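What the coordinates show
Residues per chain, in single letters:
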Amino acid sequence: MSVTPLSPRGAAPETLLEVNDLRKHFTLGSGLFGRRARTLRAVDGVSFTVARGETLSLVGESGCGKSTVARSLMRLFPPTSGQVVLAGRRIDDLSAGTLRPLRRHIQMVFQDPFSSLNPRMSVRSILAEPIRNFGLAKGSADLDARLGALMERVGLPRDALGRYPHEFSGGQRQRIGIARALAAEPDLIICDEAVSALDVSVKAQIVNLLQDLQKELDLALLFISHDLAIVEHMTHRVAVMYLGKIVEIGPRRDIFLAPRHPYTRALLSAVPVPEPGAGRERIVLKGDVPSPIAPPPGCRFHTRCPHAFDRCRVEEPTLDSVGNGHLAACHLNEAAPARAA
Ligand code: SF4
């Protein structure tokens, strides 16, 4: 995939988003008629930061909790516990009314550009809605200027404002989704599998667009994806999730060249490399991801880990530094802190 190279980043970027020990548990069943209500621990103690102008990618297999993190940040699912701090202000405990004007700072681009746009609304109405909701335009001339600028910014013609979503291709619809997010003048855009449903060449175009917008507007991106081949080209840092927890987080280069968690190594082993013969050895994990209703004791990954030993079955590893802003949760790193992949 051809994408624009990452630009170098400043030494001390300002933290925009801080997530501390976020949990989102769902109660299943009512507990009526003697049935025991069960708890699904979709997100179970997740902490990370995103700096202004930074891309953090949240990766992992389907069902690991990464989309629930996104929805909890947007308060589409109220968090069970933990803190979400945006630009120094705690927002997870605000009332709906207090939160409403702050919502514009975090916007979301969804996976499916076909279902995330209202088919009965013209592009003009779709883009005007957030501008009006957040009171951003000073009169109708300003609104028109903003709508035209948004179309140009995402590479669509201004005269397409009167058209409807079904008149566009998948990639163009995703551009409309991005324009809708930008209309609110956000600081952070959460891209939830935003390019997963697109063809390979269109994927690269949308990723390049997001990178250009990031540079132009100093946007932070939380890029949620199961596709490490895409993430490798466009992120500054990576957080790897397994069964509701982050098991490894660090700068892109460290994660891709020297992963320190067996799960990350297994995920990376499936990523194609450009040079023939330079392939990573494929690691095929045994078994399925356990249920988040009854996660295994000790290390949650021990039922599938090729390196599991007795301690892993009883003691949960903590997410500890392995150097250079790189953290991993694996007992093996205590035994051999300098061990590379
Ligand atoms: Fe594997 Fe044990 Fe490390 Fe968990 S703590 S990833 S089971 S070696």
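We now turn to the structure provided with this report. In this text the structure is predicted, and so the values were computed from the model without any measurement. All residue numbers refer to positions counted from 1 along the written sequence of the respective chain. Since the coordinates come from a predicted model, pLDDT governs what is reported: local features require at least 70, and pairs of side-chain atoms require 80 or more to be given and counted, while whole-chain, interface and lining totals use all residues. Hydrogens are left out, water is left out, and the side-chain values use all remaining heavy atoms of the structure.

**Brief notes about the nonpolar core**
Judged by nonpolar contacts, the single largest core of 60 residues is most densely connected at L127, I176, I178, L182, I189, F223 and Y263. When checking whether two residues touch, look at their non-hydrogen atoms; a contact exists if any pair is within 4.5 Å. Leave out the neighbours within four places in its chain, and F223 touches T55, L56, S57, L58, C191, V195, L210, I230, V231 and M234. Judged by nonpolar contacts, the second largest core, of 32 residues, contains C64, V69, L102 and I246. What we call a nonpolar core is a set of buried Ala, Val, Leu, Ile, Met, Phe, Trp, Tyr and Cys residues that are connected through their side-chain atoms within 4.5 Å. Any residue under 20% of the maximum accessible area for its type is buried, any over 50% is exposed, and the rest in between are partly exposed; the area is computed with a 1.4 Å probe on protein chains only.

**Some remarks on the side chain of S269**
Going along the chain from the N terminus, every DSSP run of H or I of four or more residues is numbered as a helix, and every run of E of two or more is numbered as a strand. Checked against the element boundaries, S269 lands in helix 9 (residues 262-269). Using a relative accessible area of 7% as the deciding quantity, one classes S269 as buried. Polar contacts here mean pairs of N or O atoms no more than 3.5 Å apart (in protein, one a potential hydrogen donor and the other a potential acceptor; neighbouring residues in sequence count only if both atoms are side-chain atoms). Here I283 takes part through its backbone nitrogen, which lies 2.9 Å from a polar atom of the side chain of S269.

**Let's talk about the side chain of H331**
Within the element layout of this structure, H331 appears in the loop between strand 12 (326-328) and helix 11 (332-335). Here H331 is in contact with F309, R311, C312, E315, E316 and P317, once residues within four sequence places are set aside.

**Focus on the layout of surface pockets**
Think of a 1 Å grid over the protein atoms and nothing else: a 1.4 Å probe that fits but is trapped marks a cavity, an open set flanked by protein within 12 Å on at least five of seven lines marks a pocket, and residues with an atom within 4 Å of a point count as lining. Grid points are joined across faces, edges and corners, and a volume is the space filled by probe spheres set on the points. Estimates place the volume of the second largest pocket at around 420 Å³. If you trace the second largest pocket, you find 18 residues lining it, with M74, Q107, E129, P130 and R180 closest to the centre. The leading source of residues in the lining of the second largest pocket is helix 3 (residues 123-133), at 4 residues.

**Topic: unusual backbone geometry**
Non-glycine residue D21 carries a positive phi angle of around 50°. Position of D21 relative to the elements: it lies in strand 1 (residues 15-28). Non-glycine residue L243 carries a positive phi angle of around 50°. Mapping L243 onto the fold places it in the loop between strand 9 (237-242) and strand 10 (245-251). Judged by relative accessible area, L243 falls into the buried class, the value being 2%.

**With respect to the pairing of strand 8 (residues 220-225)**
For strand 8, a buried count of 6 out of 6 residues is recorded, marking the element as mostly surrounded by other parts of the structure. Every second residue of strand 8 is oriented toward a common face, with A220, L222 and I224 on one face and L221, F223 and S225 on the other, all of them buried. Should DSSP find at least two bridges between two strands, the strands are regarded as paired. Strand direction decides the pairing type here: strand 3 (residues 55-59) and strand 8, joined by 5 bridges, are parallel. Within the sheet, the bridge partner assigned to S57 lies in strand 8 and is F223. As paired elements, strand 7 (residues 188-192) and strand 8 share 5 bridges and run parallel to each other. Residue I190 lies in a different strand from strand 8, and its bridge partner there is L222. With helix 6 (residues 200-217) bridging strand 7 and the parallel strand 8, this β-α-β connection has right-handed handedness. By convention, a crossover is right-handed whenever its connection, traced from the first strand over the helix to the second and viewed with the strands pointing away, goes clockwise.

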